[in-house]
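Chain and residue survey
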Amino acid sequence: MAVIQATDSDFNNILAQNEKVVVKYYADWCGNCRLFSPKFKRMSDNEQFSGIAFLDVNAEVSPEARKAAGVTNLPFFAVFKNGTLVDTVAASKEEAVVNLINKLN
């Protein structure tokens, strides 16, 4: 599944339309965010995570989506189930993000 670019205008709608969602919050100036992008894309294509929507949110231009997860650092990851925040992690290690996603099951 492709990674969906989300903004404040469609963030809540995407959460409502998908039971399980993982969000990567990033900024264009963030080097670690750019380095993690191919890993996040690969995760979105992984059969293990089928049925989970993967979102990219630019934290600088989407303050409401950023507040929904309490973003403190970048890159920052959050998982939502049925529109409710389940957990978050500020990390650039793939293992930490996989552990976070597994909390959706």
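Please refer to the structure higher up on the page.
In what follows, the accompanying structure is described. (Residues numbered from 1 in each chain as written. Predicted model: local features only at pLDDT ≥ 70, side-chain atom pairs only at ≥ 80, totals over all residues. Heavy atoms only, no water.)

Digging into the overall build of the chain
- Scanning the chain from terminus to terminus reveals four helices and five strands.
- For the chain, the succession of helices and strands along the chain, N to C, is β-α-β-α-β-α-β-β-α.
- Relative to its length of 105 residues, the chain is compact, with a C-alpha radius of gyration of 12 Å against a globular reference of 13 Å.
- Projected onto its principal axes, the C-alpha positions of the chain cover 30 × 25 × 20 Å.
- With 105 residues in all, the chain has 40% of them scored as buried.
- Pairs at least 24 residues apart make up 65% of the contacts formed inside the chain by residues separated by at least 6 positions.
- Here the chain displays about 5,500 Å² of accessible surface, and carbon together with sulfur accounts for 48% of that area.
- In the chain, 11 positive and 12 negative side-chain charges are present, and the distance between their average locations comes to 5 Å. (Helix = DSSP H or I, 4+ residues; strand = E, 2+ residues; numbered from the N terminus. Rg over C-alpha atoms; globule rule 2.2 N^0.38 Å. Buried < 20%, exposed > 50% of the residue type's maximum accessible area, 1.4 Å probe, protein only. Contact = heavy atoms within 4.5 Å. Areas by Shrake-Rupley, 256 points an atom, 1.4 Å probe, with all protein chains shown as cover. Lys, Arg positive; Asp, Glu negative; His and termini not counted. Charge placed at Lys NZ, Arg CZ, Asp CG, Glu CD.)

Description of the pattern of salt bridges
- One pass over the full model with this rule turns up five salt bridges.
- Where Glu-94 meets Arg-42, a salt bridge forms, and the shortest distance between an N and an O atom there is 3.3 Å. Linking Glu-94 in helix H4 (residues 94-101) with Arg-42 in helix H2 (residues 31-45), this pair joins segments that are 52 residues apart in sequence.
- Judged by relative accessible area, Arg-42 falls into the partly exposed class, the value being 47%. (Salt bridge = Lys/Arg side-chain N within 4 Å of Asp/Glu carboxyl O.)

Some thoughts on the pairing of strand S2 (residues 20-26)
- Most of S2 is tucked away, with seven of its seven residues classed as buried.
- Side chains Lys-20, Val-22, Lys-24 and Tyr-26 of S2 all project onto a buried face; the interleaved residues Val-21, Val-23 and Tyr-25 project onto the opposite face, where all are buried too.
- Tracing the backbone out of S2, into H2 and back to the parallel element strand S3 (residues 52-58) gives a crossover that is right-handed.
- Here six bridges tie S2 to strand S4 (residues 76-81), and the two strands are oriented antiparallel to one another. Looking at the pairing, Val-21 lines up with Phe-80 of S4. (Right-handed = clockwise from strand over helix to strand, strands pointing away. Pairing = 2+ DSSP bridges.)

Here we look at the nonpolar core
- By size, the foremost hydrophobic cluster in this structure holds 17 residues, and its most contacted members are Phe-11, Val-23, Tyr-25 and Phe-80.
- Looking at this core, the elements that each hand over two or more residues are helix H1 (8-17), S2, S3, helix H3 (63-69) and S4.
- With residues up to four places along the chain from it excluded, the contact list for Phe-11 reads Ala-6, Val-23, Tyr-25, Leu-55, Val-57, Ala-65, Ala-68 and Phe-80.
- Judged by nonpolar contacts, the second largest core, of 13 residues, contains Phe-36, Ile-52, Val-79 and Ile-101. (Core = buried A, V, L, I, M, F, W, Y, C linked by side-chain atoms within 4.5 Å.)

Re the side chain of Ser-44
- Within the secondary structure, Ser-44 is located in helix H2.
- Non-local contacts of Ser-44, meaning those with residues more than four positions away in its chain, are made with Met-1, Ala-2, Val-3 and Phe-54.

Concerning H2
- Approximately 35° is the largest bend angle found in H2, and it occurs at Ser-37, with the proline Pro-38 only one to four residues beyond.
- Every buried residue of H2 is accounted for by Cys-33, Phe-36, Phe-40, Met-43 and Ser-44.
- Next to the buried residues of H2 lie S2, S3, S4 and H4. (Bend = angle between axes of the 7 residues up to and from the residue.)

Brief notes about the packing of aromatic side chains
- Applying the stated criterion across every chain, the model contains six aromatic pairs.
- Judged by centre distance (6.3 Å) and plane angle (55°), the ring pair of Phe-49 and Phe-54 falls under tilted.
- According to the relative accessible area criterion, Phe-54 is buried, its value standing at 0%.
- Among the aromatic residues, those joined into a cluster by ring pairs are Phe-36, Phe-40, Phe-49, Phe-54 and Phe-77. (Phe/Tyr/Trp six-rings, centres within 6.5 Å; stacked < 30°, edge-to-face > 60°.)

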